[in-house]
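Residue strings, one per chain:
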Amino acid sequence: QQPGIDSAKIFVGGLSWQTTEETLRYHFEQFGHVVSVEVMRDRNTGDPRGFAFVVFGDDATVDLVMKEGRHEVDHKLVDVKRAQARGF
């Protein structure tokens, strides 16, 4: 984990169960280069837990995403926040 990577990372909550890494990447690539997308899954069942993290190539992209206000992925409004660095 590189220092400062969290500044270009967002938390996306309230996801539809159908939402995949691909649909999230497709939605957020309109704002800038997406480095990685991770839909969080239950360790035991592998079922999606309803939230994900998206990392962008540039932290300025996060500002663009936050200014957008409303984000709809798979016909569902999702909750987008700046990711909090672990341990804070």
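Preceding block: the structure.
Note that the structure is predicted; figures quoted are calculated from it, not measured.

### Re the overall build of the protein chain
Counting its regular elements, the protein chain contains 2 helices and 5 strands. When its helices and strands are written in sequence order, the protein chain yields β-α-β-β-α-β-β. For 88 residues, the compact-globule estimate of 2.2 N^0.38 gives 12 Å, and the protein chain sits close to it at 12 Å. With the principal axes as the frame, the protein chain shows a C-alpha extent of 35 × 30 × 20 Å. Counting all 88 residues of the protein chain, 34% fall into the buried class. Of all intrachain contacts in the protein chain linking residues separated by at least 6 positions in sequence, the fraction that spans at least 24 positions is 60%. Roughly 6000 Å² of accessible area belongs to the protein chain as shown, and the carbon and sulfur atoms make up 48% of that amount. Where the 11 positive side-chain charges of the protein chain centre and where its 14 negative ones centre are 5 Å apart.

### Brief notes about the sheet that holds strand S4 (residues 71-73)
Read across the sheet, 5 strands follow the order S2-S3-S1-S5-S4 without closing on themselves; strand pairing throughout is antiparallel. Unpaired on one side and paired on the other, strand S2 (34-41) and S4 mark the two borders of the sheet. Strand-to-strand twist in this sheet, taken as the mean axis angle between neighbours without regard to direction, amounts to 30 degrees. In terms of strand pairing, S4 meets strand S5 (residues 76-82) through 3 bridges, oriented antiparallel. Bridging from a neighbouring strand, histidine 71 pairs with valine 78 of S5. Sitting on the sheet, helix H1 (residues 21-28) is in contact with strand S1 (9-13), S2, strand S3 (48-56), S4 and S5, with an inclination near 140 degrees to S2.

### A word on the pairing of S5
By the bridge criterion, 4 bridges tie S1 to S5 in an arrangement that is antiparallel. Note that in S5 the partner of valine 12 across the bridge is valine 80. Linking two consecutive strands that pair antiparallel, namely S4 and S5, is a turn of 2 residues; a positive phi of about 55 degrees is found at aspartate 74 within it.

### Brief notes about the pairing of S3
Pairing between S1 and S3: 5 bridges, direction antiparallel. Opposite isoleucine 10, over in S3, you have valine 54 as the bridge partner. Bridge analysis of S2 against S3 gives 6 bridges, and the strand direction is antiparallel. Along S3, the bridge assignment pairs valine 39 with alanine 52.

### Focus on the nonpolar core
Grouped together as the largest cluster of nonpolar side chains are 17 residues, with contacts concentrated most on Ile10, Val12, Leu24, Phe28, Val54 and Phe56. Of all the secondary-structure elements, those providing two or more residues to this core are S1, H1, S2, S3, helix H2 (59-68) and S5. Setting aside its immediate chain neighbours within four residues, phenylalanine 28 contacts Ile10, Val12, Val34, Val54, Phe56, Val65, His71 and Val80.

About the thresholds
- Residues numbered from 1 in each chain as written.
- Predicted model: local features only at pLDDT ≥ 70, side-chain atom pairs only at ≥ 80, totals over all residues.
- Heavy atoms only, no water.
- Helix = DSSP H or I, 4+ residues; strand = E, 2+ residues; numbered from the N terminus.
- Rg over C-alpha atoms; globule rule 2.2 N^0.38 Å.
- Buried < 20%, exposed > 50% of the residue type's maximum accessible area, 1.4 Å probe, protein only.
- Contact = heavy atoms within 4.5 Å.
- Areas by Shrake-Rupley, 256 points an atom, 1.4 Å probe, with all protein chains shown as cover.
- Lys, Arg positive; Asp, Glu negative; His and termini not counted.
- Charge placed at Lys NZ, Arg CZ, Asp CG, Glu CD.
- Pairing = 2+ DSSP bridges.
- Axes fitted to C-alpha atoms, helices over the stretch in contact; angles between N-to-C directions.
- Core = buried A, V, L, I, M, F, W, Y, C linked by side-chain atoms within 4.5 Å.

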